[in-house]
Structures are given as structure tokens and as C-alpha cells.
Amino acid sequence: MIVLTPISGGKDSQAATLWAENKFGLKSLTGVFCDVKWEADETYLHIDYFTQKLGINFKVLTSKKYDGMVDLAVKRGRFPSTTARFCTEELKIFPMIDYILTLEDHIIVVDGIRADESAKRSKMEAECRYFKYYFEPYQTNTMIVESFADKPPVSLNQKKKLKKAQDRLAIGKDDPKYYTYRKKDVIKWCEKYDDSVIRPCFHMTGDEVIYYSLNRGYDINPRYKRGYKRVGCDPCIMEDIPSITLTVKESPSTIIKVKDAELKANSSFFPPDKIPKRYHSKVDKKGKSYPTMGDVERYINDKTATPDMFISDPVFKCRSHYNICE
Ligand code: SF4
């Protein structure tokens, strides 16, 4: 049996890896890192620090098709977005599946997902199968209708999605959707081997996973101490304005990296609704305006031009989202 621990450089996967080491022993573990080639330097350094200190067998997985985020955007002619998150699929999920299919043994994947990260994640399970959605649908029209039961649709896209699902259900069609990537190979592999998933941090809070590492003598990614809520892609296509503000203020090299990538891909990194329209400098073929990284930077610089009068003693304020004071 091989215990796979995805390592992203973040606090959750780190705590899950330490839990796995305690539970199964270091010799059973293989840490895997899917390199999107878009992470912060600090994150690469932290992964080196953590894997070397733990002494874990460690594999770096990359896409066979794309040489990281920029190449993906260049070849697809656009950056991924919240509604088309092909970055996660192409650069993380597919390389992981390709790797698992090379293993000739049962696996247990110990991942760091936590329920309180998002509404979607709260619906996941603390234990399941890695290839679950090859055998049961990840989406049906019934699920879509149910997902809007407590929270009615707001955007036009959500309203269209709900209407379509209702119309299909009215004629008896539930349209189950399954994962299909290398489906035949996955099904054949699953006939021989187990593909369990354990999520030891599922019911833990962000603070708890941080202290799980600190109490074991392992430092966490320094980006948390600088105020970032999450680590990983730098920036992520879904980065919020407070995190982009930190980057604009403290990491000019990242802003240059995004501007260069936008030129290479001839596409904007952030979506049109990231900042007010009056800051957009570009217009697409349909006449819709959108912002460049430079526009987002300008908006943030304007927004933060006046110091925050509500921080009475900024020098001594803990900047970490998780209140980790040094
Ligand atoms: S962290 Fe963000 S940018 Fe990176 S792969 Fe995931 S969704 Fe895409």
C-alpha cells in the first residue's frame, strides 16, 4: 500500500502529511507536488524546507501537455477563470491521475481539505474514494435545483443554469455527469487496486491546522505571516482584492510576472468584475470592457492612497489572517 500525501506548500496539506506520518509511518508515504510553475518563490522554498526536514519520499508532478500556467494560457488563448477553471484540471488533477495510474499497488490519498474552506468543500466527505466521480455522478439536474433551494440564483448565468436544469427535469432528464479523463484506464486500474481518500483535517479550523504543524516543530509557509489567507498559485485567478493589494504593495516581481504573461497570452489575468469598470482600459470584440494587471494595480494604488485611519497602531497589529504573531 502506498500513502500519497499531496503537498502544496500550504498549511492544510502540511498538517495532513504530518498526520499521515504519525498514522502510517514515514516509509509508507510519498509526498506529491503538482507544479503549476506559477507559485511564489517562498512557496517553492517552503516545500523544500518541509519535505527535507520530514525526509519524505517526494515526487514533483507536471502536466505532459502544458509547461505550466503561462504555456497553458498561451496555448488556450486565454487565462482560466472562475467559470472555466481548466488550470486545476490540466495542471493538477490530470498529472495526479496520470501518476496514480503508474502505481501498481493500493493507495490511500491523505488530503488536507477542510470543510470550512467553502460551501462546496463542506459538502465533501471526510473519507471517500479518489476515483469516486468515475462511478457516481458529480452533477445532475436534481443536484443543480437542490443547490439553489436555500440560496436562489443571483447572476444571469445562475438563473440560466437553474432554468435549464428545471426544463430538463420536466421532461424526465437528470443528465448525470461523470469524470471522463482516461476513463478506461481508471476503471481497469480500479478493478485491481483500492483508491481510498482520508481527510484528517476535514473538521479542523485554519488555526488548528497551523498549530498542528507548529506543535510538531514545523514552521508554516511564511506567506501566512505576511497576511495571505492562502498560498499556492501566485496569484490565483480567484485571488481576492486584499491579497492582490498585498502583492501590489510588497511583491513588484509578481506584478511584472503577471503583466509579462498577459502580453504572451494576449489575455487578461483577472476577470472584468474584479475592479470597477471605470478602471478598465481594454475592450473586447463584443464591445465589453475588461482590465489588465496594470489597471488592477492602478485601482489598488488609488484605493489605498489614504492610510487606514481605523488602524490606531499599525506597527503592532498582527498582519496574519490567522493571528499568528511571532
Ligand atoms: S490555485 Fe487558482 S490559479 Fe492555481 S490551479 Fe488552482 S484555481 Fe488555478
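What you see is a predicted model; the values in this text were computed from it and never measured.

Attention now moves to the overall build of the protein. The number of helices and strands found in the protein is 13 helices and 8 strands. For 326 residues, the compact-globule estimate of 2.2 N^0.38 gives 20 Å, and the protein sits close to it at 21 Å. Seen through its C-alpha atoms, the protein measures out along the principal axes to roughly 60 × 60 × 40 Å. When the 326 residues of the protein are sorted by exposure, 43% land in the buried category. Once local pairs closer than 6 in sequence are excluded, the contacts in the protein between residues at least 24 apart make up 74%.

As a further point, take the side chain of Ser 13. Structurally, Ser 13 can be placed in helix 1 (residues 11-24). A distance of 3.5 Å separates a polar side-chain atom of Ser 13 from the backbone oxygen of Gly 10. Excluding residues that lie within four positions of it along the chain, Ser 13 makes contacts with Pro 6, Ile 7, Ser 8 and Gly 112.

With that settled, consider the site of the ligand. As a matter of local geometry, the ligand sits amid Met 69, Arg 85, Cys 87, Thr 88, Lys 92, Arg 230, Cys 233, Cys 236 and Ile 237. Considering each element in turn, the shell around the ligand owes the most residues, 3 residues, to helix 4 (residues 86-100). For the shell around the ligand, the residue count by class is 5 nonpolar, 1 polar and 3 charged.

Bridging between strand 4 (residues 107-110) and strand 6 (residues 195-198) involves 4 bridges; their strand directions are parallel. Counted as the bridge partner of Ile 107 is Asp 195 from strand 6. With 3 bridges connecting them, strand 5 (residues 127-129) and strand 6 associate as antiparallel partners. From the neighbouring strand, Glu 127 faces strand 6, where its bridge partner is Ile 198.

For any two helices packed against each other, the geometry is given by the interaxial angle and the distance between the axes. Interhelical geometry of helix 11 (residues 241-250) versus helix 13 (residues 293-303) gives an angle of 95 degrees and a closest axis separation of 10 Å. Considering their axes alone, helix 11 and helix 13 lie roughly perpendicular with respect to each other. On the side of helix 11, the interface is formed by Ile 241, Ile 244, Thr 245, Val 248 and Lys 249, while helix 13 contributes Met 293, Val 296, Glu 297, Tyr 299, Ile 300, Asn 301 and Lys 303. Classifying every residue of the contact of helix 11 with helix 13 gives 7 nonpolar, 2 polar and 3 charged.

This part is about the domain arrangement of the protein. For the protein, the assigned domains are domain 1 (2-136 + 178-208), domain 2 (142-175) and domain 3 (239-305). For domain 1 versus domain 3, the distance between C-alpha centres works out to 29 Å. The interface of domain 1 with domain 3 comprises 8 residues on the first partner and 9 residues on the second. Of the roughly 750 Å² buried at the junction of domain 1 and domain 3 (both faces included), carbon and sulfur atoms supply 74%. Inspection of the domain 1/domain 3 interface yields 0 salt bridges.

Remark: helix 3 (residues 68-76) packs on helix 12 (residues 252-265), axes separated minimally by 8 Å, with the N-to-C direction vectors making an angle of 30 degrees. The orientation of helix 3 relative to helix 12 falls into the category roughly parallel. Between helix 3 and helix 12 the crossing geometry is right-handed. Note on element contacts: helix 12 touches helix 3 through Ala 261, Lys 264 and Ala 265, opposite Val 70, Ala 73 and Val 74. A per-class count over the contact of helix 3 with helix 12 returns 5 nonpolar, no polar and 1 charged.

Here we take up the UniProt feature "domain: Phosphoadenosine phosphosulphate reductase" (unreviewed entry) in the protein. This chain's UniProt record puts "domain: Phosphoadenosine phosphosulphate reductase" (unreviewed entry) on residues 5-237. In residues 5-237, the share of helix is 44% and the share of strand is 10%. The end C-alpha atoms are 25 Å apart.

Attention shifts here to the nonpolar core. Formed by 28 residues in total, the largest nonpolar core has its most connected members in Trp 38, Met 69 and Ile 244. Counting only elements with at least two residues in this core, the list comes to helix 3, helix 4, helix 11, helix 12 and helix 13. Residues lining this core come from more than one domain, with at least three contributed by each of domain 1 (2-136 + 178-208) and domain 3 (239-305). Membership of the second largest hydrophobic core comes to 21 residues, among which are Ile 2, Leu 4, Val 32 and Val 109.

Here we come to the pattern of salt bridges. Pairing is possible between side chains that carry opposite charge, provided their charged atoms lie close to one another. What the rule picks out here adds up to 26 salt bridges. Arg 129 is paired through a salt bridge with Asp 195; the nearest N and O atoms lie 2.9 Å apart. Here Asp 195 lies in strand 6 and Arg 129 lies in strand 5, a separation of 66 residues in the sequence. Its salt-bridge partner being Asp 234, residue Arg 223 comes within 3.2 Å of it at the nearest N-O pair. Taken together, the positions of Arg 223 in helix 10 (residues 222-225) and Asp 234 in the loop between helix 10 and helix 11 put the pair 11 residues apart, joining distant regions of the chain. Comparing Arg 223 with Asp 234 shows no difference in burial state: the two are buried. By sharing partners, the salt bridges in this structure join Glu 42, Arg 223, Arg 226, Asp 234 and Glu 250 into a single network.

Scoring rules and cut-offs
Residues numbered from 1 in each chain as written. Predicted model: local features only at pLDDT ≥ 70, side-chain atom pairs only at ≥ 80, totals over all residues. Heavy atoms only, no water. Helix = DSSP H or I, 4+ residues; strand = E, 2+ residues; numbered from the N terminus. Rg over C-alpha atoms; globule rule 2.2 N^0.38 Å. Buried < 20%, exposed > 50% of the residue type's maximum accessible area, 1.4 Å probe, protein only. Contact = heavy atoms within 4.5 Å. Polar contact = N/O pair within 3.5 Å; in protein donor to acceptor, adjacent residues only side chain to side chain. Near = heavy atom within 4 Å. Nonpolar A, V, L, I, M, F, W, Y, C, P; charged D, E, K, R; others polar. Pairing = 2+ DSSP bridges. Axes fitted to C-alpha atoms, helices over the stretch in contact; angles between N-to-C directions. Parallel < 35°, antiparallel > 145°, perpendicular 65-115°, else oblique. Domains from an automatic or database assignment. Buried area = accessible area lost by both parts, 1.4 Å probe. Salt bridge = Lys/Arg side-chain N within 4 Å of Asp/Glu carboxyl O. Left-handed = near helix turned anticlockwise from the far one by under 90°. UniProt positions renumbered as here; feature names shortened; annotations may be inferred. Core = buried A, V, L, I, M, F, W, Y, C linked by side-chain atoms within 4.5 Å.

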